[in-house]
Amino acid sequence: MPFGFNSISCPFYTLISPLVKKGVNYYDKNRRFGSILEKPTNMFKNLLKTAIRSLLKNKAYSAINLIGLTIGIASSTLLFFYVLDEVSFDRFHGNHEKIYRVVSHISEPDKSFSWGSTQAPTGPQLMEDYPLVENYVRFFGMGRVLFQNGDTRLYQEDVIAVDSTIFEVFDFKLIEGDPATALGEPNSIVLTEEVAAKYFGSESPVGKILSMQDNTSLKVTGVVEDVPRNSHIDFAALMSLNDDQKTSDNWGSFYLSTYLVIPTPEKAAELKSLLPEMYEKYMAEIFKRMNIDIQYDLQPLASIHLYSNMEGENGGNILYVYIMAIVAVFMLVIAGINYMNLATARSASRAKEVGVRKVMGSRRGQLIAQFLTESIVLSFVALLLSLLVVVSLLPFFNDVAGKQIGMEVLGSPMVLIVLLLITLITGLLGGSYPALVLSKFQPIMVLKGKVVSGKNNALFRKVLVVLQFSISMFMLICTWIVFDQLSFMQDKDLGYDKEQVMTVSLPREQEERAKFSVLRNKLIQNEEIINAATAWGRTSSIGGRQIFTVETATGMEEKAFRPFRIDHNFLNTMGMELVEGRGFSLDYPADTLNSVLINEETARRMSWEEPLGKKVQLGGRGEEDEEPQYAEVVGVIKDFHQQSLHSKIEPMILMYGTNDRVVHIKMNTGDIRETVDLIKSAWGEVFPTRPFEYDFLDQNFADAYEEDARRGTIFTTFSGLTILIACLGLLGLASFSAEQRTKEIGIRKVIGASVPSIVVLISKDFIYLIGVAILISFPVSWYFMSDWLQAFAYQTEIKWTTFVASAFLTILITFLTVSYHTIKAATANPVKSLKDE
């Protein structure tokens, strides 16, 4: 049977049909109303039936549009999920609008920086002095801690000591335990589900004892749900703050994060205006003598992930949210442009249809409704297909984006409404211009065969193609520069050799650390081990600042520097270069107390033309009668990056220390697996009761760019899909262009034109449009990416070759896309195209 409306399943019509019938029966007495109600139903039925017939009749045209719309809607949906996840950070806390973090902006005469941490007394003192503060909680990072339960001994990262008020302030849900008392007692600990399972299996850990490496016994008082991924606060275990941390009145050290509960934004603004008063009362005397000024601010909890620029934090960035949202819009726009372009290109072929309909009595409004219905039906079919694509690709997208977006998000009313609106708007915008163009054809001219696509239509299509490829080339150039920057950061000389360097943390107990020399002797006996040394921390993540009193032209002054402690083998192990003086050496026993090294940045900051011999005070800054202890600068190290290239190189003071926290082991590039086994064996002999856990410095460094790499991958993938959608539209346009010029191609072949010359002839129109797109996209992408690169302390150059390569690639793709149908038309027998003349 011929295709008709009744031969398909229409869920929407099936849903509303019973309602319409009930309405007709209810108002049966009023025949006039019944007829009025029936007309829209029949009209909708006829519009839908005609639209489906038209789409099925033109299968190639419909397939190109359907694929483009499906890719566009599916991609924009995934990007929409990404944006939703980013803006949802910390909003799962019921009172997130009342929670503020106290942050510190610290200014020295020659530099300034911001920390998300405060001094220990900040929270208690604010609550005591200002009734505006309803509650507070403080966080102190314990770093990596060795826990033991029976034979299970494991190092645990992300252990945090907190005030007992944490469950009053934040909505971290306790599965076991009482939130009012869980962390009220000293030496109590709450574990996440994952960590509880590691140490206690399926048993309930509440009431049991977990031991730390220093033999401190911790009582497990609760189990908390694993921290959601959309929380800027991440932890594996929560310990109670010790008495010293709780009651500390030390206003000189910044090491705690402080969160306040303030009932309204107005009261938060009032408290913010009072923070200078707190500074003057408790801290000004301490810091003014150091020429340091501190300003405090209140940061709303929900803004921390996307808007925080605190030092040492690696959260999100609102800029990337905007970028992903713009990419999503671009993809929908390009998919819509495809529809508009192809529909207007087909206007001549549908002219007779319009003419016949008008002769039969169709009004222009009815024709507009018909063509809009076609585009909306196509959009809704694309929506259904795109949902299948999203469901299939969501796990992969989560892996790439580092998200945990669940399928349940598709059932969210807001998401469903947004998807329906996107689909409806895409259908209306995509079909609006073609509908207006097609519906205005005059039936007499059409039926005489004198209507062709006008100059206005052709110009409009050219404008759309230029817009489409301007967007595509813009995204291609941006993608290229993003990866140039990522490659630049990963390949840049760091000032030390990070390759084949294993890092292992020594036990915290000093008597255990003293065994490092035994471990080192065992390691360097093997030819696969080049050297081993200890340092205060990992070279890839040196943080923190300390006040030192240093020699200046006008006397001794107090300034903040990054401190770092290393032993005498460290420079050689890491391949660091001395530019002046010497390094630490066992030949100089006084190095342990009387010598320091600096980096080049310190010499520049202090304007030391001859830094060797300059004094640095290391001790005697406590009691007034304590004798000052001075050290001399004995060497200057070539600047090396202490963190990722997001941060600038800071002035450093390096002190001598043995058996420090982290071992750096430089290996040969032979069999890494065998060398790791060798190191593990030596570790087991020296530290038989300590688990062997290691990582590699190059991987630590790469981890600092993990989020950049994720965003780059997302951006690249969707940029490629954007170009694919544009090429689909170009393929369709080339097909119709070749079809419309069939007779011209036949005549040219008869008079001797070659196939290549015809291909060039047809292709040059599209290449010309790409040229215009190049003129638009080049300056826009240069401006945008120049601004984007400012976010990095060290930037790659924007190369002219990037623009040339992007243009060449776009032109090549365009030529290949257009050539397929052009060659097909050019190789056809000209007799067939001219036989009706």
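First, a word on what this report is: a plain description of the structure on this page. (Residues numbered from 1 in each chain as written. Predicted model: local features only at pLDDT ≥ 70, side-chain atom pairs only at ≥ 80, totals over all residues. Heavy atoms only, no water.)

Quick notes on the pairing of strand β15 (residues 555-566)
Argument step 1. Bridge count for strand β14 (residues 546-552) against β15 is seven bridges, and the pairing is antiparallel. Each bridged residue has a counterpart across the sheet, and for T552 the counterpart in β15 is G555.
Argument step 2. Hairpin geometry of β14 and β15 is characterised by an intervening segment of two residues between the two adjacent antiparallel strands. (Pairing = 2+ DSSP bridges. Helix = DSSP H or I, 4+ residues; strand = E, 2+ residues; numbered from the N terminus.)

Examining the pattern of salt bridges
Argument step 1. Counting across every chain of the model gives 26 salt bridges.
Argument step 2. Salt-bridge contacts for E509 lead to R690; the nearest nitrogen and oxygen are separated by 3.2 Å. Pair noted here: E509 is in the loop between β12 (501-505) and α17 (510-513) and R690 is in the loop between α22 (672-686) and β22 (694-696), with a separation of 181 residues, a long-range link.
Argument step 3. The exposure class assigned to E509 is buried, which follows from its relative accessible area of 13%.
Argument step 4. Among the salt bridges present, the one from D695 reaches R538, with a minimum N-O distance of 3.4 Å. With D695 in strand β22 and R538 in the loop between β13 (529-535) and β14, this pair connects stretches of sequence that are 157 residues apart. (Salt bridge = Lys/Arg side-chain N within 4 Å of Asp/Glu carboxyl O. Buried < 20%, exposed > 50% of the residue type's maximum accessible area, 1.4 Å probe, protein only.)

Considering a nonpolar patch on the surface
Argument step 1. A cluster of nonpolar side chains, contributed by W480, F808, L809, L812, F815 and L816, occupies part of the molecular surface with about 550 Å² of accessible area.
Argument step 2. Sorting elements by how many residues they give to the nonpolar patch places helix α27 (residues 800-826) first, with five residues.
Argument step 3. Locating F808 in the fold gives a position in helix α27. (Patch = residues over 30% accessible without salt bridge, like charges linked within 9 Å, V, L, I, M, F, W, Y side chains within 5 Å. Areas by Shrake-Rupley, 256 points an atom, 1.4 Å probe, with all protein chains shown as cover.)

Some points on the nonpolar core
Argument step 1. Ranked by internal contacts, the top residues of the largest apolar core, which has 100 residues, are F81, F564 and I566.
Argument step 2. With 13 residues, the single largest contributor to this core is helix α16 (residues 455-491).
Argument step 3. Residues W115, V133, A284 and Y296 belong to the second largest nonpolar core, which totals 29 residues. (Core = buried A, V, L, I, M, F, W, Y, C linked by side-chain atoms within 4.5 Å.)

A closer look at helix α8 (residues 265-282)
Argument step 1. Over its 18 residues, α8 runs 25 Å from end to end, which matches the ideal 26 Å to within 8%, given 1.5 Å per residue.
Argument step 2. Along α8, the residues that are buried comprise A268, L271, L275, M278 and Y279.
Argument step 3. Looking at the packing, one finds that the buried side of α8 touches β1 (99-108), α4 (122-129), β10 (257-261), α9 (284-288) and β11 (293-300). (Expected span 1.5 Å × (residues − 1). Contact = heavy atoms within 4.5 Å.)

A closer look at the packing of helix α25 (residues 742-750) against helix α26 (residues 755-789)
Think of two packed helices as two axes; the pair is described by the angle between the axes and how far apart they sit.
Argument step 1. Two elements in contact, α25 and α26, have axes separated by 11 Å at closest approach and are oriented at 145 degrees. The handedness of the crossing between α25 and α26 comes out as right-handed. Counted together, E744, I745, R748 and K749 of α25 and I758, L761 and I762 of α26 form the full contact between these two elements. (Axes fitted to C-alpha atoms, helices over the stretch in contact; angles between N-to-C directions. Left-handed = near helix turned anticlockwise from the far one by under 90°.)

Comments concerning the packing of helix α18 (residues 516-524) against α22
Argument step 1. Contact geometry for α18 and α22: axes closest at 10 Å, N-to-C directions at 150 degrees. As far as their axial angle goes, α22 and α18 are roughly antiparallel. Seen along the crossing, α18 lies across α22 with a hand that is right-handed. Across the interface between the two elements, V518, L519, K522 and L523 from α18 touch L678, I679, A682, W683, E685 and V686 from α22.
Argument step 2. For the contact of α18 with α22, the per-class residue count stands at eight nonpolar, no polar and two charged. (Parallel < 35°, antiparallel > 145°, perpendicular 65-115°, else oblique. Nonpolar A, V, L, I, M, F, W, Y, C, P; charged D, E, K, R; others polar.)

Topic: the environment of K246
Argument step 1. With respect to the helices and strands, the residue K246 is situated in helix α7 (residues 243-247).
Argument step 2. Taking the C-alpha atoms as reference, K246 lies 7.5 Å from A120; in sequence the two are 126 residues apart.
Argument step 3. In this structure K246 touches R138, D163, G184 and L241, once residues within four positions along its chain are discounted.

So, the packing of aromatic side chains
Each aromatic ring pair is described using two quantities: the centre-to-centre distance and the angle formed by the ring planes.
Argument step 1. What the rule picks out here adds up to 27 aromatic pairs.
Argument step 2. Here F140 and Y255 contribute two aromatic rings whose centre-to-centre distance is 5.5 Å and whose plane-to-plane angle is 90 degrees, an arrangement assigned as edge-to-face. A residue pair is termed long-range when its members are at least 10 positions apart, and F140 in strand β3 (residues 135-149) and Y255 in the loop between α7 and β10 qualify at 115 residues.
Argument step 3. Joined through ring pairs, the aromatic side chains of F92, F139, F170, F172, F235 and Y259 make up one cluster.
Argument step 4. In this structure, R545 packs its charged tip against the face of F113, placed 3.7 Å from the ring centre. (Phe/Tyr/Trp six-rings, centres within 6.5 Å; stacked < 30°, edge-to-face > 60°. Lys NZ or Arg CZ within 6 Å of the ring centre and 35° of its normal.)

Side note on a negative patch on the surface
Argument step 1. Taken together, the side chains of E193, E194, E225 and D226 define an acidic patch exposed on the protein surface.
Argument step 2. With respect to the secondary-structure elements, E225 resides in the loop between β8 (217-224) and β9 (237-240). (Lys, Arg positive; Asp, Glu negative; His and termini not counted. Charge placed at Lys NZ, Arg CZ, Asp CG, Glu CD.)

Overview of empty space enclosed by the protein
Empty space among the atoms becomes visible once a probe the size of a water molecule is rolled across them.
Argument step 1. Using the criterion set out here, one finds three cavities of 30 Å³ or more in the structure.
Argument step 2. By volume, the largest cavity amounts to about 160 Å³.
Argument step 3. What lines the largest cavity is a set of 15 residues, among which Y320, I323, V482, F715 and W788 lie closest to the centre.
Argument step 4. Taken together, the elements giving at least two residues each to the lining of the largest cavity come down to α11 (318-345), α16, α24 (706-740) and α26. (1 Å grid on protein atoms, 1.4 Å probe; cavity = no way out; pocket = protein on both sides within 12 Å on 5 of 7 lines; lining within 4 Å. Points joined across faces, edges and corners; volume = space filled by probe spheres on them.)

Topic: unusual backbone geometry
Argument step 1. One non-glycine residue, N187, adopts positive backbone phi at about 55 degrees.
Argument step 2. Structurally, the position occupied by N187 is in the loop between β5 (174-176) and β6 (188-192).
Argument step 3. Look at N187 and you get partly exposed, because its relative accessible area is 42%.
Argument step 4. One non-glycine residue, S607, lies in the positive phi region at around 55 degrees.
Argument step 5. Tracing the backbone shows S607 in the loop between α21 (600-606) and β18 (615-619).

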